[in-house]
Amino acid sequence: MRISKEMGKLEDYKGVNGKSAIYTLGTLLPKGLEYMLLPLWTRWLTVSEFGAIGLLVAVVKFSSSFLSIGFPSVMSRYVFDGDSSMRSKASMVTTGLLFMSLIFGIVAIVFLLIGGKLWDEHFHEDLLSSKFAIPAFLFIAGLELTICGSAVARVLGKAWSSVICDSLGFFVGIGVSLLLVGGFKWGAEGRFWGISTGFCLSGGLYMFCVLKPYLRITFNFEHLRTLLKKGSPMILHSISGSVILLSDRFFVEHYTGVAELGVYTLATTLAMVISVGSASVVSAWQPKVYHCLELGDKEKTIP
């Protein structure tokens, strides 16, 4: 009887293990390519440029914590809800994306003020007149679409769709970076163009492959109230996560300078591989948790 019970548990987690492997593979391939290209980046870019890129990427990702206002988590949970109609789910997703677009301008302005100061300080050039201005906006937009799309893909169990969208964006972004940095000698600006292009492509792919069935020409104020009510508590969670993951860049730059930050950025890039396994399991486990909670079987939410 005990053996049958344990076999039943293994059967319950079989799908989770398979999807964890898919997420792990989808993360390791881009990371492996990124590591192999480090000799090229260190040859073409100075440590100061590495530091500036790392700091500006941190500013963008920290800004996204405010821009998302917890909406991706609420939208993905609502999409998973079997009791809601497809029309209601589509209204929720569309309303969330439109509202996030409305406040995009505010966040973009804040980013330009902060990022522009950093850029002028380290490169002695006005941000709006540089090649950096356009990719700055693209980065934020692409990142937000990617966050929303990946959240919905996870709860729907679309592991392959998530991996394909992320990987294609990454590989294209690397290609653009190699062309602009190695070919046209754009330096840090070229690398940032590549990163931004990659996130924009990933966001567009998520829109087409995952979010498309949930997009309608509608705006529901009741759904907006639900998003704000349930998403607002997530803001502190998002900001706290960003502070934990990104605040070190600001301290390193403030106390040691942008050149030392470049060395620190390289070191953290190598260390990020440690989180691949845990992140993959969490991504695969999320729909299982929602399903168990929906059935009232809380014991199975923890393996």
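Since we're looking at a predicted model, the values are computed, not measured.

### Details of the confidence of the model for the protein
Looking at the protein as a whole, its pLDDT mean stands at 80, while 78% of the residues score no less than 70. Looking over the protein, one finds the lowest element-wise mean pLDDT in helix α5 (residues 104-123), namely 65, and the highest in helix α7 (residues 159-183), namely 94. Low pLDDT (under 50) marks residues 1-10, which in the prediction has zero contacts with non-local residues, meaning those over four places away or in another chain.

### Quick look at the pattern of salt bridges
Throughout the structure, instances matching the rule amount to two salt bridges. Glu222 serves as the salt-bridge partner of Arg225, at 2.5 Å between the closest nitrogen and oxygen. On the criterion of helical spacing, the pair formed by Arg225 and Glu222 is a turn pair, its members being three residues apart in helix α9 (residues 221-256). For the salt bridge of Arg249 with Asp248, the shortest nitrogen-to-oxygen distance reads 3.3 Å. Using a relative accessible area of 21% as the deciding quantity, one classes Asp248 as partly exposed.

### Here we look at the side chain of Arg191
Here Arg191 shows up in helix α8 (residues 188-211). In this structure, Arg191 is buried with no salt-bridge partner, the nearest side chain bearing the opposite charge being Glu34 at 4.7 Å.

### Some thoughts on the nonpolar core
It is characteristic of soluble globular proteins that their nonpolar side chains tend to be buried jointly. If you look at the biggest cluster of nonpolar residues, it comprises 40 residues, and the most contacted ones within it are Trp41, Phe71, Met75, Val93 and Phe139. When neighbours within four sequence positions are excluded, Trp41 is seen to be in contact with Phe50, Ile174, Ser177, Leu178, Val181 and Arg191.

Thresholds applied
Residues numbered from 1 in each chain as written. Predicted model: local features only at pLDDT ≥ 70, side-chain atom pairs only at ≥ 80, totals over all residues. Heavy atoms only, no water. pLDDT = per-residue confidence, 0-100. Helix = DSSP H or I, 4+ residues; strand = E, 2+ residues; numbered from the N terminus. Contact = heavy atoms within 4.5 Å. Salt bridge = Lys/Arg side-chain N within 4 Å of Asp/Glu carboxyl O. Buried < 20%, exposed > 50% of the residue type's maximum accessible area, 1.4 Å probe, protein only. Lys, Arg positive; Asp, Glu negative; His and termini not counted. Core = buried A, V, L, I, M, F, W, Y, C linked by side-chain atoms within 4.5 Å.

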